[in-house]
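Residue strings, one per chain:
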Amino acid sequence: MNEETTGYSTGSTKRKRLTLFISTVGLLLIASTIGIWWFLEQGHSSPTPMSPVPKTIASSVSFSIYYPEQSKLPAGYTLDLNSFKQPVRNGVNYTVSYSNGHKLVFSLQPKPSATELQNFSANYIPLHITYHTSIGQALLGAYNTKTGTETLVSLPANGSSTWIILTAPYDINQDQLKQVLSALRRN
């Protein structure tokens, strides 16, 4: 067979093979570039922080435990890693310290019914402001105790069976308190 009977020229066959080779190499380069980019992006993504909640406490309650991420707290605020306790059955307490020994005390417990939450708000913080967080709507107000007035926060977590109650000094900076609430994450 010659070029006239096959209709193909040797130059044409070589060009087709060269085009196929270049296309294959191009696709491999694109695929490897995407693979390298994906690998590097995975390496630069921030790792999930280790939970500070002791496993014995987390496994002993029937609700999710929320705690503030240290990296998102206001300057000078520190989550006390040794403060996680179970003071009562099916509850968890911990503290965040700031400014010369002042503390925020977090108490987490199973979320009560909507009626019980309304009664709590009406009886303990009838005058309050609402602050929306990524985990739910917090009510911030003042509460009179035997020793004076404190800031009181009620935050029932959305999509969870957790109720977060926070007490703080009366004169806490409200913007910093809101930043602490915004730093909360699920265990």
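The structure reproduced in this document is the subject of the present report. Fair warning: this is a prediction, and the values are worked out from it, not measured in the lab.

A look at the pairing of strand β7 (residues 148–156)
Okay, step 1: In the sheet, strand β6 (residues 137–145) pairs with β7 via 7 bridges, with the strands oriented antiparallel. Looking at the pairing, Leu 140 lines up with Val 153 of β7.
Okay, step 2: Once β6 ends, the chain turns through 2 residues before running back antiparallel as β7.
Okay, step 3: Across 7 bridges, β7 lies against strand β8 (residues 162–169) in antiparallel orientation. Along β8, the bridge assignment pairs Thr 151 with Ala 168.
Okay, step 4: Here β7 folds back onto β8 in antiparallel fashion, the turn holding 5 residues, of which Gly 159 has a positive phi close to 65°.

Concerning helix α5 (residues 174–182)
Okay, step 1: Of all the residues in α5, the buried ones are Leu 177, Val 180 and Leu 181. Each buried residue of α5 sits inside an arc of 100° when the element is viewed along its axis, so together they form one side.
Okay, step 2: N-cap assignment for α5: the residue whose side-chain oxygen lies 2.9 Å from the backbone N of Asp 175 is Asn 173.

Points about unusual backbone geometry
Okay, step 1: Positioned with a positive phi, Ser 99 is a non-glycine residue whose angle comes to about 35°.
Okay, step 2: With relative accessibility at 44%, the residue Ser 99 sits in the partly exposed group.
Okay, step 3: For Asn 100, which is not glycine, the phi torsion reads 55° and is therefore positive.
Okay, step 4: Of note, Asn 100 is situated in the loop between β3 (92–98) and β4 (102–110).

Rules behind the numbers
Residues numbered from 1 in each chain as written. Predicted model: local features only at pLDDT ≥ 70, side-chain atom pairs only at ≥ 80, totals over all residues. Heavy atoms only, no water. Pairing = 2+ DSSP bridges. Helix = DSSP H or I, 4+ residues; strand = E, 2+ residues; numbered from the N terminus. Buried < 20%, exposed > 50% of the residue type's maximum accessible area, 1.4 Å probe, protein only. Arc of directions from axis to C-beta. Polar contact = N/O pair within 3.5 Å; in protein donor to acceptor, adjacent residues only side chain to side chain.

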